[in-house]
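# A closer look at the structure
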Amino acid sequence: MMLPTHALVGLALAAPLALYAPELAPAALLGALVGGILPDLDMYAGHRKSLHYPTFYPLAAVPAIAAAFVWTTPVSLAVAFGLLAAAAHCRMDIYGGGLELRPWEGTSEKAVYDHASGRWLSPRRFIAYDGSRGDLALSLVVGLPLLAVLEGAFVPVVGVALTIATSYVLLRKHLANLAPTVFSQVPEPLAEYVPERYLHE
Ligand SMILES: [Zn+2]
């Protein structure tokens, strides 16, 4: 799933606090937003492996959530919701497409790397691929209610996420066609940071 979908799902996990404990909501929402985005910071270095932990984030989330129940502070809530959102992100990636330049072709059997078992989990493709219409539908279903529930700075964050999601889905196939051209122009010292999938035609 695309990054805006992960960000919105993260926010949605913490959104109930906006209704039931508004004074604690900002910390939880911020933690959840960061946790939802964080795994995809490995986009250009070991994507869906370096920062994706489909087993360890969920395991770490359990004691963090327990701790946040016992010591309910902004920090403990931010950590708990951050781990919960990162766990949801990595589990969700399994239900999307594989890791390849044109994931709609469905030739990759790599969805997310599981460090616990030391192997790649294969894509289930319930959401066809990141940036598919189904991915956008999920973004809208999760994001639009957030516009009504959240307050303050989180409203424009949701607005921006939905705008990026829509643009990305509209441009998805053009971007894939552009990638090999753009990335083949990268100067030599940076070339080693260009992911393999962007170089093959
Ligand atoms: Zn991811």
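Right, let's walk through the structure included here.

Calculation criteria
Residues numbered from 1 in each chain as written. Predicted model: local features only at pLDDT ≥ 70, side-chain atom pairs only at ≥ 80, totals over all residues. Heavy atoms only, no water. Helix = DSSP H or I, 4+ residues; strand = E, 2+ residues; numbered from the N terminus. Rg over C-alpha atoms; globule rule 2.2 N^0.38 Å. Patch = residues over 30% accessible without salt bridge, like charges linked within 9 Å, V, L, I, M, F, W, Y side chains within 5 Å. Areas by Shrake-Rupley, 256 points an atom, 1.4 Å probe, with all protein chains shown as cover. Salt bridge = Lys/Arg side-chain N within 4 Å of Asp/Glu carboxyl O. Donors = N, O, S within 2.8 Å, 3.2 Å for Na, K, Ca; no water. Tetrahedral: all angles 85-135°; square planar, octahedral: opposite > 155°, others 65-115°. Buried < 20%, exposed > 50% of the residue type's maximum accessible area, 1.4 Å probe, protein only. Contact = heavy atoms within 4.5 Å. Polar contact = N/O pair within 3.5 Å; in protein donor to acceptor, adjacent residues only side chain to side chain.

### Overview of the overall build of the chain
Assigned secondary structure in the chain consists of seven helices and two strands. Going from the N terminus to the C terminus, the chain shows its helices and strands as α-α-α-α-β-β-α-α-α. Taking 17 Å as the expected radius of gyration for a compact globule of 201 residues, we find that the chain reaches 18 Å, a close match to that expectation. Taking the principal axes of the C-alpha coordinates as reference, the chain spans close to 50 × 35 × 35 Å.

### Some details on unusual backbone geometry
You will see that R48, though not glycine, has its phi angle at about 60 degrees, which is positive. Considering the arrangement of structural elements, one finds R48 in the loop between α2 (25–37) and α3 (56–70). Its identity as a non-glycine residue notwithstanding, R125 has a phi of 60 degrees, on the positive side. Note that R125 resides in the loop between β2 (119–121) and α5 (133–149).

### Considering a nonpolar patch on the surface
Residues L170, L171, L175, L178 and V182 make up a contiguous nonpolar surface patch of roughly 470 Å² in combined accessible area. Along the polypeptide, L171 turns up in helix α6 (residues 154–184).

### A closer look at the coordination of the zinc ion
Listed as protein donors to the zinc ion are D40 (OD), H52 (NE2), H89 (NE2) and D93 (OD); their distances from the metal cover 2.1 to 2.3 Å. Relative to the metal, the four donor atoms surrounding the zinc ion lie at angles of 90 to 169 degrees, and the coordination shape comes out irregular. Donor residues binding the zinc ion come from one chain and are separated in sequence as D-x11-H-x36-H-x3-D. Of this pair, D40 sits in the loop between α2 and α3 while H89 sits in helix α4 (residues 74–94), and the two are 49 residues apart along the sequence.

### Here's the deal with the pattern of salt bridges
Evaluation of the coordinates by the stated rule reveals two salt bridges. For D130, the salt bridge goes to R172, with nearest N and O atoms at 3.0 Å. On the criterion of sequence distance, the pair formed by D130 in the loop between β2 and α5 and R172 in helix α6 is long-range, its members being 42 residues apart. The exposure classification of D130 matches that of R172, with both residues buried.

### Some thoughts on the environment of L147
On the secondary structure map, L147 appears in helix α5. Judged by relative accessible area, L147 falls into the partly exposed class, the value being 33%. For L147, the contacting residues outside a window of four places in its chain are V155, V158, G159 and L162.

### Details of the side chain of H52
Residue placement: H52 occurs in the loop between α2 and α3. Judged by relative accessible area, H52 falls into the buried class, the value being 0%. A distance of 3.3 Å separates a polar side-chain atom of H52 from the backbone oxygen of P39. Among the polar contacts listed, one links the side chain of H52 to the side chain of D40, at a separation of 3.2 Å. Apart from residues lying up to four places away in sequence, H52 is in contact with P39, D40, D42, H47, Y57, H89, C90, D93, V112, Y113 and H115.

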